[in-house]
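# Coordinates in review
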Amino acid sequence: MFRNQYDTDVTTWSPAGRLHQVEYAMEAVKQGSAAIGLRSKTYVVLATVNKASSELSAHQKKLFKIDNHIGIAMAGLTADGRVLSRYMRSECINHHFVFESPLPVGRLVVQVADKAQVCTQRSWKRPYGVGLLVAGLDEAGPHLYYNCPSGNYAEYHAFAIGSRSQAAKTYLERKFETFMECTKEELIRHALFAVKESLQEEELSSGNCGVAVVGIDEPFVVLDPKTLQAYIEALDSGKDEMQTIEETGADDRQSSQVPQEGTGSRGISVGASEDTPTDMET
Amino acid sequence: MSMVFAPCLTETTAPTTHAQPAWSPYDNNGGTCVAIAGEDYCVIAADTRMSTGFSILIRNYSKIHQITEKSVLASSGFQADIRALQKNLDARHQIYQHQHNKQMSCPAMAQLLSNTLYYKRFFPYYAFNVLGGLDNEGRGCVYSYDAVGSYERSGYSSQGTGMQLIMPVLDNQLKSASPLVLPLQKSTTPLSEFEAVDLVKDTFASAAERDIYTGDAVEIVIINREGVRRELMDLKRD
């Protein structure tokens, strides 16, 4: 990405019809450490790569509970993400106060997207520098959305954002067709494998990754390090160990033959090239 | 010295009567609430009758609301205001949980309730509250409030239309020393959980005899180390 003479303000179009400042904001997301999301018919799992800035410090929190039925993983400027999560929590609480029912995920995602769009059309603001993977449940079932700094959003079967996310995306693309029928344990396994791809050289441990799960009848929860470590250890030893980890998880497997959901898009972004503004123009 | 501007010397000021308003934003839905704190439990009870004027609206309406794992709020008064107050506290508790990653303790909730009530000092929640639960040490605690948030921790309390029938009985059975007497006595009662529940049932049965707004059934909630348990006992329906 090279410097242009049309990239000083977010309110300036380039002759090619691009808003460079917004694209630079999306670049910030690509620089952040990876976040992955995937879903089945009954669960959505979020996983993050947690990178501590130095050995002395704790790592940044990237998984946030928004409400009992919604949670997010972020990549990019986590400070911006914290502010957005505070907004999202407030919206969920207000909706629940007025309607005494949980805010549908799709609605919340649109509100966040509209909020992000405002920052792309004001000369005194800057776009949010964070990408959000929003995992949530509503009456229609589990959903995974991606909110972009540009103000765009889309629903996904599985997605990965952040640095070295292409490796995770490749893994997800290979496996995503099996996700719908996965049990909770299998889904977490896939998430951890995807995180492993993003970590590449480093060894996976509960110190450098985080996992969160939300499911039908299971409120959003970020797994504590002990449970997480158990899942990580089970990755190597194979499937059998998995059944004993979660007492409740074992009976998730659905034996009924339900046809695959007919959603319009395949949902997996095929490694968006950094020069074309695909995110903005769809 | 009161700040009274002296009236004009040549005239006497006639006392002006405030015209009776044609409409009141408040209504009293009646009912009684009681709470008793024990060494390691707390019993919170309220009748389930909701009335207006001399009529009964609902015979099985719950006045009890569990706000946190360890705090239960029982309120009598204007139920619309009470419902709004409960929702307000729930929302505030959700925010607290997001920020602190844990539930509010009962003493913290007690303070929050007081502040919430005083916030509407000039258009109050018509709610007479009793908050019961376990404090940070696991001991029972009972807090009782007036409509604008003045509160005090005690070993037992009652509020509502049957309060004046019930309170003397509780005093007689559970008398704890005045909080003004030093050294400060523990504000918990020496009753066992079973005895406390029995006492609550007796007091409600007695109140239902004479208070027309108390009756139908009494809902009793018991919080202890194991969790929260509910009992329902029928009362006279007249």
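Source: prediction; values computed, not measured. (Residues numbered from 1 in each chain as written. Chains lettered and ligands numbered in written order. Predicted model: local features only at pLDDT ≥ 70, side-chain atom pairs only at ≥ 80, totals over all residues. Heavy atoms only, no water.)

The subject of this paragraph is the sheet that holds strand β2 (residues 41-47) of chain B. Residues and elements named next belong to chain B. If you trace the five strands from one edge of the open sheet to the other, you get β10-β1-β2-β11-β12, paired in antiparallel fashion. With one partner strand each, in any of the chains shown, β10 (156-160) and β12 (227-234) form the two edges of the open sheet. Averaged over all pairs of adjacent strands, the angle between their axes in this sheet comes to 15°, without regard to strand direction. Bridging between strand β11 (residues 217-224) and β12 involves eight bridges; their strand directions are antiparallel. Note on β12: the bridge partner recorded for Ile220 is Glu231. The sheet contacts of helix α3 (residues 163-174) involve β1 (32-37) and β10, and relative to β10 the element is tilted by about 170°. Packing of helix α4 (residues 193-210) onto the sheet brings it into contact with β1, β2, β11 and β12, and relative to β2 it is tilted by some 15°. (Pairing = 2+ DSSP bridges. Helix = DSSP H or I, 4+ residues; strand = E, 2+ residues; numbered from the N terminus. Axes fitted to C-alpha atoms, helices over the stretch in contact; angles between N-to-C directions. Contact = heavy atoms within 4.5 Å.)

Here the focus is the UniProt feature "domain: Proteasome alpha-type subunits" (unreviewed entry) in chain A. With numbering aligned to this structure, UniProt lists the feature "domain: Proteasome alpha-type subunits" (unreviewed entry) at residues 6-28 of chain A. Taken end to end, residues 6-28 of chain A has its terminal C-alpha atoms 19 Å apart, with 39% of it in helix and 0% in strand. (UniProt positions renumbered as here; feature names shortened; annotations may be inferred.)

Taken together, the contact pairs eight residues of chain B with seven residues of chain A. Summing both sides of the interface, chain B and chain A together bury roughly 750 Å²; the carbon and sulfur share of this comes to 53%. The three residues of chain B that bury the most area against chain A are Lys87(B), Gln94(B) and His98(B), which together make up 70% of that side's buried surface. Between chain B and chain A we count two salt bridges in total. Where Lys87(B) meets Glu100(A), a salt bridge forms, and the shortest distance between an N and an O atom there is 3.0 Å. Classifying every residue of the side of chain B that touches chain A by side-chain character gives three nonpolar, three polar and two charged. (Buried area = accessible area lost by both parts, 1.4 Å probe. Salt bridge = Lys/Arg side-chain N within 4 Å of Asp/Glu carboxyl O. Nonpolar A, V, L, I, M, F, W, Y, C, P; charged D, E, K, R; others polar.)

To continue, consider the nonpolar core. All names here are of chain A. Formed by 31 residues in total, the largest nonpolar core has its most connected members in Leu172, Leu192 and Val211. If you list the elements that add at least two residues to this core, you get β1 (35-39), β2 (43-49), β8 (158-161), α4 (165-175), α5 (184-199), β9 (209-215) and α6 (225-237). Here this core gets seven residues from one element, more than from any other, and that element is α5. If we skip the residues at most four places from it in the chain, Leu192 touches Leu204, Cys209, Val211, Leu228, Tyr231, Ile232 and Leu235. (Core = buried A, V, L, I, M, F, W, Y, C linked by side-chain atoms within 4.5 Å. Buried < 20%, exposed > 50% of the residue type's maximum accessible area, 1.4 Å probe, protein only.)

On to α6(A). Because each turn of an α-helix spans 3.6 residues, side chains separated by three or four positions end up pointing in the same direction. All names here are of chain A. In a regular helix each residue adds 1.5 Å, so 13 residues correspond to 18 Å; α6 covers 19 Å between its end C-alpha atoms and thus fits that length. All of the buried residues in α6 are Thr227, Leu228, Tyr231, Ile232, Ala234 and Leu235. All buried residues of α6 fall inside an arc of 160° around its axis, so they share one side. Turned more than 90 degrees away from the buried face of α6 sit Pro225, Lys226 and Asp236, all of them exposed. (Expected span 1.5 Å × (residues − 1). Arc of directions from axis to C-beta.)

What follows is about the side chain of Asp81(B). All names here are of chain B. Along the chain, Asp81 turns up in helix α1 (residues 79-100). At 6.0 Å, Lys120 is the nearest oppositely charged side chain to Asp81, a buried residue that forms no salt bridge. Ignoring any residue separated from it by four or fewer positions in sequence, one finds Asp81 in contact with Tyr26, Pro124, Tyr125 and Tyr126. (Lys, Arg positive; Asp, Glu negative; His and termini not counted.)

Note that His98(B) resides in helix α1. You can call His98(B) buried: its relative accessible area is 15%. Spatially, the C-alpha atoms of His98(B) and Val181(B) are 40 Å apart, while their sequence positions differ by 83 residues. Not counting residues up to four positions away in its chain, the partners in contact with His98(B) are Lys65(A), Ile66(A), Asp67(A), Arg89(A) and Ile93(A). Side-chain polar atoms of His98(B) contact the backbone oxygen of Ile66(A), separated by 3.2 Å. (Polar contact = N/O pair within 3.5 Å; in protein donor to acceptor, adjacent residues only side chain to side chain.)

Below, the discussion takes up empty space enclosed by the protein. Residues and elements named next belong to chain A. Enumeration according to the criterion identifies three cavities of 30 Å³ or more in this entry. What lines the second largest cavity is simply Leu84, Val112, Ala113, Ala116, Tyr128, Val130, Leu132, Asn147, Cys148 and Pro149. For the lining of the second largest cavity, the secondary structure elements donating two or more residues are α3 (105-118) and β5 (130-138). Here the lining of the second largest cavity gets three residues from one element, more than from any other, and that element is α3. (1 Å grid on protein atoms, 1.4 Å probe; cavity = no way out; pocket = protein on both sides within 12 Å on 5 of 7 lines; lining within 4 Å. Points joined across faces, edges and corners; volume = space filled by probe spheres on them.)

Okay, the sheet that holds strand β3 (residues 63-67) of chain A next. All names here are of chain A. Here five strands make up an open sheet; going across it, the order is β3-β4-β5-β6-β7 and the pairing antiparallel. The open sheet has two edge strands with one neighbour each: β3 and β7 (153-155). Along the sheet, successive strands turn relative to each other by an average axial angle of 25°, direction set aside. In this sheet, strand β4 (residues 70-76) lies alongside β3 in antiparallel orientation, the contact comprising four bridges. Each bridged residue has a counterpart across the sheet, and for Leu63 the counterpart in β4 is Ala73. Lying over the sheet, helix α1 (residues 20-31) contacts β4, β5 and β6 (141-147), oriented at roughly 100° with respect to β4.

The next subject is the confidence of the model for chain A. Per-residue pLDDT for chain A averages 85, and the proportion of residues at 70 or more is 83%. Between residues 247-282 of chain A, whose pLDDT stays under 50, and residues either more than four places distant or in other chains, the model counts 53 contacts. (pLDDT = per-residue confidence, 0-100.)

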